Amino acid sequence: MRQLISTADLSRADIDDLMVLADSFAEVQTRDVPKVPALRGRTVVLAFFEDSTRTRTSFDLAARRLSADVLNFSVASSATKKGESLRDTVETINAMGIDAIVVRHRSSGTPIQISRWTDAAVINAGDGWHQHPTQALLDAYTLRQRLGDIDGAKIAICGDINHSRVARSNVDLFTKMGAEVTLVGPQTLMPPDISGWPVTISHDLDSLLSEIDVMYMLRIQTERLSAGLFPTVREYRSRWGLTVQRAGELRSDAVIMHPGPMNRGVEIDPEVASEPRCVVLDQVASGIPVRMAVLYQVLGPGRFANEEAAVDRPDVEESNHSVSPTDGSVEAEPDTKQAMAMKEASCQ
Ligand code: NCD
């Protein structure tokens with residue numbers, strides 16, 4: 001894997017590998033020093049041209065926990081504000097010798113365009129209505145933890161499907177993993193041509209509730225809505241919101257998801273967002289090991305090529321660790337550093 005622009009780049013085997021790798025990075029999170037030297041010496045640029053809190057901080061932490069150097073490119077103080085073209089900005093960053101660019105942009109297609117201007121690995125952190133592949137991966141990871149297996153799960157995704165890159169990514173990833181996906185919402189918020197999508201469409205949320213394993217609520221994308229797609233927020237909630245009453249119709253073991261940020265009281269009632277079936281915070285937590293896995297796959301020496309070598313080396317032991325007094329990061333002895341990184345990143 002050299003880059004991650006879309007879930008379409010991922011085969012079923014790639015997804016399974018990322019899930020397994022994320023498990024081993026989740027174990028790293030439980031250590032006193034939750035850091036491994038796998039991407040030491042690599043530089044990751046976070047180029048967020050659109051607002052974000054959770055995705056940016058999640059990538060930031062993920063890269064740091066792999067010991068990469070992280071450069072936060074701030075659009076507010078960048079030369080793009082002075083009229084510099086996106087291409088010039090990318091070529092300038094590229095000339096500094098970076099290894100990966102994590103891109104968020106309001107226009108669909110920006111990450112693939114950027115990948116033509118740089119040799120660095122490009123990871124899409126959300127582009128317009130198009131794709132948000134790491135969100136889909138972290139959602140799948142969260143579901144795998146809750147359900148054990150996604151194969152055969154009945155998942156309903158509700159709300160503003162048309163403007164949602166999360167819906168596009170999740171439909172692709174969930175169905176590749178064997179789930180049955182139903183999209184539900186008002187006709188005005190459905191994509192105009194959905195004929196090729198491997199989904200069922202419904203305009204009746206209430207009739208689905210008792211049958212599904214997963215209720216995935218989407219945020220109303222106010223920043224992308226042209227006026228008039230639904231009458232009022234109140235009317236939207238009454239027909240399409242996951243109210244306390246509707247949540248009562250879901251099975252007791254159903255999983256409630258939302259990518260955040262939530263509009264409490266619109267697509268989801270505050271009481272529902274806080275109940276134990278709602279895994280919103282688990283989704284956030286999953287973001288770190290999943291993004292570590294993605295960064296490792298695009299920047300690391302490659303799990304398959306090196307896993308065996310690491311596992312076979314008897315000299316690679318936990319005792320080779322020491323904690324650096326300066327930055328608290330985990331240091332390995334120089335001769336075993338590479339093998340250590342491999343061992344840390346592979347399933348132990
Ligand atoms: C999503 C996004 O930005 O696409 N949020 C996120 O990444 N956590 C969903 C949204 O904004 O509705």
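Quick caveat, the model's predicted, so the values are computed rather than measured. Residue numbering note: each chain is counted from 1, following its sequence as written. Per-residue local features of the predicted model are confined to residues with pLDDT of at least 70, and side-chain atom pairs are confined, for both listing and counting, to 80 or more; whole-chain, interface and lining totals are unaffected and use all residues.

Caption draft 1: The sheet that holds strand β5 (residues 154–158), seen in detail. By the convention used here, strands pair only if DSSP detects at least 2 bridges between them. Helix and strand assignments follow DSSP, with helices taken as H or I runs no shorter than four residues and strands as E runs no shorter than two, numbered in order from the N terminus. Taken in spatial order, the five strands line up as β7-β6-β5-β8-β9 in an open sheet, and their pairing is parallel. Lying at the two open borders of the sheet, with one neighbouring strand each, are β7 (200–202) and β9 (255–257). Neighbour to neighbour, the strand axes of the sheet diverge by 20° on average, direction disregarded. Note on geometry: axes are C-alpha line fits, over the in-contact stretch for helices, and angles between N-to-C directions span 0 to 180 degrees.

Caption draft 2: Structural view of the pairing of strand β4 (residues 121–127). Field definition: a residue is buried when 20 or more other C-beta atoms are found within 10 Å of its C-beta, exposed when 12 or fewer are, and partly exposed for counts in between, with C-beta atoms placed from the backbone. Burial runs high along β4: seven of the seven residues are buried. Bridge analysis of strand β3 (residues 100–105) against β4 gives five bridges, and the strand direction is parallel. Looking across to β4, one finds that I101 is bridged to V122. Viewed along the sheet, the connection from β3 through helix α4 (residues 110–115) into β4 turns out right-handed. Orient the strands so they point away from the viewer, and a crossover whose first-strand-to-second-strand path over the helix runs clockwise is right-handed.

Caption draft 3: Structural detail: the environment of L281. Take L281: it is sitting in helix α11 (residues 280–299). The exposed category is assigned to L281, around which 12 C-beta atoms lie within 10 Å. Sequence separation between L281 and G260 is 21 residues, and the spatial gap between their C-alpha atoms is 9.3 Å.

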